[in-house]
Structures are given as C-alpha cells and as structure tokens.
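# Descriptive structure summary
The chain contents come next:
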Amino acid sequence: QVQLVESGGGLVQAGGSLRLSCAASGFTFSIYTMGWFRQAPGKEREFVAAISWSGGSTYYTDSVKGRFIISRDNAKNTVYLQMNRLKPEDTAVYYCAATLQLVSTKGPDYQYWGQGTQVTVSS
C-alpha cells in the first residue's frame, strides 16, 4: 500500500549534478514532512535534508548546504533532491522517507522509507 520509490541516481563526475525524485503513494503525502537520508558502505545512515508539509521550511545537514536543494510537489506526491557541485564524499545510497513530525533529522522519527537509489561521484 505505502510506497516511496526513488529514482535519478547514477554515476557522475565530481562537480556535476543529479536530481533525485521520490514518488509517494498510499498515504496522505501533503501532511507529511519528507526527508532524504544517505548511507555509504561501512557507515551509518545520515540525514541529508528535510522539507515541511507545505514546503515552507527546509533543513539541510551542514555538508550539503548551498549545494543541495530539497523541494516537493504535493500535486504529484513527489519530493526532489537537486544535488549540485557533487563531491566524492556524497557517494552513497540515498533514501527518501516520510514523517508526521515537524522537520526531523532523526531516522527513527520517519515512518515510511523508500528502497534507495545509488549515487556515485567519481574524483
């Protein structure tokens, strides 16, 4: 019933850009805060960005501020992550997630999770 499906990952050179998309279904998308997390091999999952129900508030981890932009289109039940000036340390599997809480950086606060999409940035 509930699905979050990420797409848009791939292999890019350092300095390049990618736009990730996450299509949601099976829940009332417009009342959920949406977030992006990432996990690299051998590392713990980390918070990347979040956006409030209406898109009026956003939050980014320090390492991506000024480079990544999170946005949402409630009419399409889709959240996006525009990633610019990518660095090798951005390499990870990226996951989208949903929570009824106000903007949260904590993975356990998120109720629904997607399957992830791989982003690889070459140096």
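Before reading on, note that the structure itself is shown above.
Attention here is on the structure that accompanies the text. Small disclaimer: the values here were computed from a predicted structure and weren't measured. (Residues numbered from 1 in each chain as written. Predicted model: local features only at pLDDT ≥ 70, side-chain atom pairs only at ≥ 80, totals over all residues. Heavy atoms only, no water.)

## Some remarks on the state of the cysteines
For the coordinates displayed, the defined rule picks out one disulfide. With its sulfur 1.8 Å from that of its partner, Cys-22 forms a disulfide with Cys-96. Residues Cys-22 and Cys-96 share a disulfide whose torsion about the S-S bond is about 45°; that sign makes it right-handed. With Cys-22 in strand β3 (residues 18-25) and Cys-96 in strand β9 (residues 92-99), this pair connects stretches of sequence that are 74 residues apart. Across this residue pair, the class does not change: Cys-22 and Cys-96 are buried. (Disulfide = S-S within 2.5 Å. Helix = DSSP H or I, 4+ residues; strand = E, 2+ residues; numbered from the N terminus. Buried < 20%, exposed > 50% of the residue type's maximum accessible area, 1.4 Å probe, protein only.)

## Digging into the nonpolar core
Counting residues in hydrophobic clusters, the biggest one holds 29 residues, and the most contacted among them are Trp-36, Val-79, Leu-81, Met-83 and Tyr-94. Of all the secondary structure elements, the ones that give two or more residues to this core are β3, β4 (33-39), β5 (46-51), β7 (68-73), β8 (78-83), β9 and β11 (117-122). Here Val-79 is in contact with Leu-20, Ser-21, Cys-22, Phe-29, Met-34, Trp-36, Ile-51, Ile-70, Ser-71, Arg-72 and Cys-96, once residues within four sequence places are set aside. Phe-37, Ala-50, Ala-97 and Tyr-110 belong to the second-largest nonpolar core, a separate cluster that totals five residues. (Core = buried A, V, L, I, M, F, W, Y, C linked by side-chain atoms within 4.5 Å. Contact = heavy atoms within 4.5 Å.)

## What about the sheet that holds β7?
Reading across the sheet, the four strands line up as β1-β3-β8-β7 and stay open at both edges, with antiparallel pairing between neighbours. Strands at the two margins of the open sheet, each flanked by one partner only, are β1 (3-7) and β7. Recorded for the sheet is a direction-independent mean angle of 15° between the axes of neighbouring strands. Direction of pairing for β3 relative to β8: antiparallel, over a ladder of six bridges. By the bridge assignment for β8, Arg-19 is matched with Gln-82. (Pairing = 2+ DSSP bridges. Axes fitted to C-alpha atoms, helices over the stretch in contact; angles between N-to-C directions.)

## Some words on the environment of Ser-123
You can see Ser-123 is positioned in the segment after β11. Considered as a pair, Ser-123 and Pro-88 are 35 residues apart in the sequence and their alpha carbons are 5.9 Å apart. Setting aside chain neighbours within four positions, we find Ser-123 in contact with Ala-14 and Pro-88.

## What about a nonpolar patch on the surface?
Residues Ile-31, Trp-53, Leu-100 and Leu-102 make up a contiguous nonpolar surface patch of roughly 410 Å² in combined accessible area. Mapped onto the secondary structure, Leu-102 falls in the loop between β9 and β10 (112-113). (Patch = residues over 30% accessible without salt bridge, like charges linked within 9 Å, V, L, I, M, F, W, Y side chains within 5 Å. Areas by Shrake-Rupley, 256 points an atom, 1.4 Å probe, with all protein chains shown as cover. Salt bridge = Lys/Arg side-chain N within 4 Å of Asp/Glu carboxyl O.)

## Quick look at the pattern of salt bridges
Here the structure, examined in full by the defined rule, presents four salt bridges. Residue Arg-38 pairs with Asp-90 through a salt bridge whose shortest N-O separation is 2.9 Å. A residue pair is termed long-range when its members are at least 10 positions apart, and Arg-38 in strand β4 and Asp-90 in the loop between β8 and β9 qualify at 52 residues. Classification of Arg-38 as buried rests on a relative accessible area of 4%. A residue is classified by how much of its surface remains accessible, and Asp-90, at 0% relative accessible area, is buried. Lys-65 is paired through a salt bridge with Asp-62; the nearest N and O atoms lie 3.0 Å apart.

## A short note on the pairing of β1
Only one face of β1 is covered, namely the face carrying Leu-4 and Glu-6; the face carrying Gln-3, Val-5 and Ser-7 is uncovered. With five bridges connecting them, β1 and β3 associate as antiparallel partners. Of the residues in β3, the one forming a bridge with Gln-3 is Ser-25.

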